[in-house]
Amino acid sequence: MSCWYTGDMPIQVLSHEVAARIAAGEVVERPASAVKELVENAIDAGATSVQVEVVAGGLEGVRVVDNGHGIPAAEVTSLFQRHATSKLTSADDLNSILTMGFRGEALYSLAAVAEVSLLTRTADQEVATFVEASNARALRQEPRGGPVGTTVSVTQLFDQVPARKKFLRTAKSELSRIHTVLTHYALAHPSIRFNLDSDGRNAFSSPGNGDIREAVAAVYNREIAQALLAVEGTSDDGISVTGLVSAPDLHRANRSYIGLYVNQRPIQSRTLTYAVTEAYRGMMAGDRFPLAILMVDVLPEDVDVNVHPTKSEVRFRVEGDVFSVLQRAVRETIVAGSPVPEIGVAASNRGASSTLAANRFPERSHGVWGGFSSGSTVDATAQLQMGMPEPAAQNAFPMMDALPTLRVLGQSQETYIVAEGPNGLYLIDQHAAHECVVYERLKTAAATHNPEVQGLLEPVTVELTSFQAETVHEQGEVLAQYGWDLEPFGDRTYLLRGVPAVLATKGPAKSFIELLDGVGEAVEFSTWEDRIAATVACHGSVRAGLVLSHEEMVEMVRLLEKAQQPHTCPHGRPTMLHLSANNLERHFKRT
Ligand code: ADP
Ligand code: MG
């Protein structure tokens, strides 16, 4: 077998190219790591603008343009040598690193696995220098016109390393990783203007005006940016924590919205992430996670960033101190800034209110919100109730998430349900609210291996594009958990035998294709599970612009009352606006 070392091969010193390629494997794993290294170099060069352009998710090309201090022509020659760096001069410097880079490996590694070209000019040079490199060597250098700053272009990434190329995903998924890299740096460096263009279209940009909330608005959205609470904490030994965190009523299904930055470097740390989630203990359900952007600043000599070639892990001199400063700062913020308990008060008799709701509003025999077609063999009512947790389980969720019993008054703009609660008015976004309900039901059904499938009388064949086929190939199991009953039927053809019950009224083939395309775009979710769940929920939910009958609205509100997280849809958008009685009184000057 060819993979066994047989002793036939004499020991040799590896050639320059091969050695470089092996070393490169650790630093440049995929297009996103190339982007990360180039962006870090731009930041280290003091750039205030970093423009990233990618083609086909970086698989066909990556270009980073910065307006930093540039590289003097005389130094360009040595750029592509291993350990060529301007950021360290002695071993002592390793103990106090303030720059992103210091290992002098990125350009060297990139040139080992791709064609690299670089155009750079310093402020005191008349012309720029252009240099091209490949096979880990600079090929040619010449003067050229160009602005102050540096532009690095990388093409034919991994063309010479087929084994690596095989591991890369689709352009879409590489793009989503690049997107993540860029958003992290935009949050860590709010005074730098970041821009990401993908195949000529703008995919992300941050204003770079120094305001962290503006950066958050660019990455997430304005509501989230405004809702986040400011964190501040310090210790005597030089540790400081600043940033923004969500109040306990704003949360996500996974930890990927917790961003940690140590001395402005995005890092991964299970321990510090735990410190953050611990701060929410008792205020947030165990399977929900906050949003957080937290800058931990420590003296450079108290942190070792040279733990891993990609520098995404760090080691602290005293991790326990960092842990407790972080946890305390977050805890204090959320305790002080938690939302007014208006909703919580009403929720304290939540058990009673659900019964009330049931009594006040007659049960419908067919749940319109399940989207079941009439004549369906599935018992709609049973399906609707299935997957709804028992009241006891609901108590595990924080009280401020619960919704009081609401009385429907009417519909506005064919989009909002107007309802009245014990403490004021509610405007409910019918699409977002329905999405929230369907999403929860789908998740519960998937978790209990009990998807609501609507079997098709005649299987339908669907032809997929290669992108779509790849999603099905990789995520077949998850698709099944969410109600897609599929059977491979040739290369890119599948037999569709059943669809998620919430989509039963739609054309099966069309809705499947729409789902696959939608899933590819739902890059805000970090897991495929969540992407698929959210996309099915979105497609299976009532649209805005649809006239609803009174009964339909009553049922929608009833389902929302039972939801575990009624306040946000799976995409994090609010489902409702509450005008409290207090606010109304104040507005009309009745107090
Ligand atoms: P490192 O960042 O670890 O020093 P790199 O291989 O990433 O190693 O870069 C090598 C050197 O090239 C850097 O130390 C820096 O002097 C120079 N350099 C690279 N990119 C830029 C840039 N965008 N602007 C200015 N100088 C750069
Ligand atoms: Mg670098």
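Residues numbered from 1 in each chain as written. Chains lettered and ligands numbered in written order. Predicted model: local features only at pLDDT ≥ 70, side-chain atom pairs only at ≥ 80, totals over all residues. Heavy atoms only, no water.

**Student:** Any chance you could explain the site of ligand 1 here in plain terms?
**Tutor:** Neighbouring ligand 1 are 20 residues; Asp 66, Thr 85, Ser 86, Lys 87 and Gly 104 lie closest to it. Take Thr 85: an N or O atom from its side chain is 2.5 Å from an oxygen atom of ligand 1. Protein burial of ligand 1: of its 530 Å² of free accessible surface, 95% is covered by the chains. For the shell around ligand 1, the elements supplying multiple residues, two or more each, are helix 2 (31–44) and helix 4 (106–113). In terms of residue class, the shell around ligand 1 is built from 8 nonpolar, 8 polar and 4 charged. (Near = heavy atom within 4 Å. Polar contact = N/O pair within 3.5 Å; in protein donor to acceptor, adjacent residues only side chain to side chain. Areas by Shrake-Rupley, 256 points an atom, 1.4 Å probe, with all protein chains shown as cover. Helix = DSSP H or I, 4+ residues; strand = E, 2+ residues; numbered from the N terminus. Nonpolar A, V, L, I, M, F, W, Y, C, P; charged D, E, K, R; others polar.)

**Student:** Please clarify how the packing of aromatic side chains should be interpreted in this entry.
**Tutor:** How two aromatic rings sit relative to each other is set out by the distance from centre to centre and by the angle between their planes. One pass over the structure, following the stated rule, counts 3 aromatic pairs. Measuring from centroid to centroid gives 6.3 Å for Tyr 274 and Phe 323, while their planes differ by 40°, and the two rings are tilted. With Tyr 274 in helix 9 (residues 270–279) and Phe 323 in helix 10 (residues 319–337), the pair connects residues that are 49 residues apart, well separated along the chain. Accessibility expressed as a relative area gives 44% for Tyr 274, which makes it partly exposed. Note on Phe 323: relative accessible area 19%, which makes it buried. Between Trp 484 and Phe 512 the ring centres are 4.9 Å apart and the planes differ by 50°, which places this aromatic pair in the tilted class. Note that Trp 484 is positioned in the loop between helix 16 (466–481) and strand 20 (485–488) and Phe 512 in helix 17 (residues 508–521), a separation of 28 residues in sequence. (Phe/Tyr/Trp six-rings, centres within 6.5 Å; stacked < 30°, edge-to-face > 60°. Buried < 20%, exposed > 50% of the residue type's maximum accessible area, 1.4 Å probe, protein only.)

**Student:** Is there a simple way to think about the nonpolar core in this case?
**Tutor:** Counting residues in hydrophobic clusters, the biggest one holds 63 residues, and the most contacted among them are Val 35, Val 39, Val 50, Val 52, Val 154 and Phe 194. When residues no more than four places from it in sequence are discounted, the contact partners of Val 154 are Leu 38, Gly 61, Val 62, Leu 110, Ala 114, Glu 115 and Val 116. Among the nonpolar cores identified, the runner-up in size contains 35 residues, and Val 276, Ala 279, Tyr 280 and Val 305 belong to it. (Core = buried A, V, L, I, M, F, W, Y, C linked by side-chain atoms within 4.5 Å. Contact = heavy atoms within 4.5 Å.)

**Student:** Would you take a moment to explain the side chain of Thr 170 for this structure?
**Tutor:** Structurally, Thr 170 can be placed in the loop between helix 5 (162–167) and helix 6 (171–188). Assessed through its relative accessible area of 14%, Thr 170 is described here as buried. Once residues within four sequence positions are removed from consideration, Thr 170 is found in contact with Leu 59, Phe 467 and Glu 470.

**Student:** Whenever I open this one, the confidence of the model for the protein chain confuses me. Can you help?
**Tutor:** Fine structural detail should not be taken from predicted coordinates in areas where pLDDT scores are low. Considering every residue of the protein chain, the mean pLDDT works out to 81; 86% of them sit at 70 or more. In the predicted structure, residues 1–5 sits below a pLDDT of 50 and forms 0 contacts with residues beyond four places in sequence or in another chain. Confidence drops under a pLDDT of 50 for residues 339–400, and excluding neighbours within four residues, the segment shows 106 contacts in the predicted structure. (pLDDT = per-residue confidence, 0-100.)

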